[in-house]
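Geometric and topological summary
What follows is each chain in one-letter form.
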Amino acid sequence: MAKGKRKVPDINSSSTADIAFLLLIFFLITTSMDTDRGLARLLPPPPEDEKNENTDKIKERNILQVYLNKDDALMCGNDYIGVDQLRQKAKEFIANVANAENMPEKTQKNVEFFGTCMVNDKHVISLQNDRGSSYQAYISVQNELVAAYNELRDELAKEKFGVTYAELNDLQQKAVREIYPQRISEAEPKKYGEKKR
């Protein structure tokens, strides 16, 4: 054998596979993946006592029915409206500024930073869509409902603190959410016009 020459060992395929596997494991361990995707919804708490009759019915005045049919036509309450009108209708319902009798009832509550005030914490926006409605129309309705809450919270934050809701600290945001809690209930989609079996 000549001096200064070394024999290079052959790399077999199992060594290559082992290296690839280790690189994959390293990537999976060191990479963070966002799992906070989807629509954020706060579900109502379960009733404390199933025999308690006060928890099983919500007064009709506290519910805003929003229905999207198979043709993507939107019904809010008893009226057909455009998606562009939904945000304002929802804001009027959620805020109930004049404390009208046909709108959600308000309760008196002591809220940090605001003191004792009337809060609309019994309202529910009930959203239901037909299975035939388009995904885009459904998302547009969702966006308008969430935007109604966001606008009300921003308006209140600017009025009280002089900044937007996003700029508030955690305690201030919690107080604003107590005044305008997001209460959207989504019913399972139905398909109307089908024959019952």
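Residues numbered from 1 in each chain as written. Predicted model: local features only at pLDDT ≥ 70, side-chain atom pairs only at ≥ 80, totals over all residues. Heavy atoms only, no water.

Taking an unreviewed UniProt entry as the reference, the protein is identified by name as Biopolymer transporter ExbD belonging to Bacteroides finegoldii CL09T03C10. Under the UniProt heading Sequence similarities (unreviewed entry), the note attached to the protein is "Belongs to the ExbD/TolR family." (UniProt positions renumbered as here; feature names shortened; annotations may be inferred.)

**Points about helix H3 (residues 135–161)**
Taking 1.5 Å per residue, 27 residues should reach 39 Å; H3 reaches 38 Å between its end C-alpha atoms and fits that length. Looking at the residues trailing H3, positive phi occurs at Gly162, about 80°. (Helix = DSSP H or I, 4+ residues; strand = E, 2+ residues; numbered from the N terminus. Expected span 1.5 Å × (residues − 1).)

**Topic: the pattern of salt bridges**
Across all of its chains, the model carries eight salt bridges by this definition. Here Lys59 makes a salt bridge to Glu105, at a shortest N to O gap of 3.5 Å. A residue pair is termed long-range when its members are at least 10 positions apart, and Lys59 in the loop between helix H1 (13–30) and strand S1 (63–68) and Glu105 in the loop between helix H2 (83–95) and strand S4 (107–111) qualify at 46 residues. Accessibility expressed as a relative area gives 15% for Glu105, which makes it buried. One salt bridge connects Arg87 with Glu151, and the closest N-O pair in it is separated by 2.5 Å. With a gap of 64 residues between them, Arg87 in helix H2 and Glu151 in helix H3 connect regions that are remote in the sequence. Salt bridges linked by common partners bring Arg87, Lys91, Glu144, Glu151 and Glu155 together as one network. (Salt bridge = Lys/Arg side-chain N within 4 Å of Asp/Glu carboxyl O. Buried < 20%, exposed > 50% of the residue type's maximum accessible area, 1.4 Å probe, protein only.)

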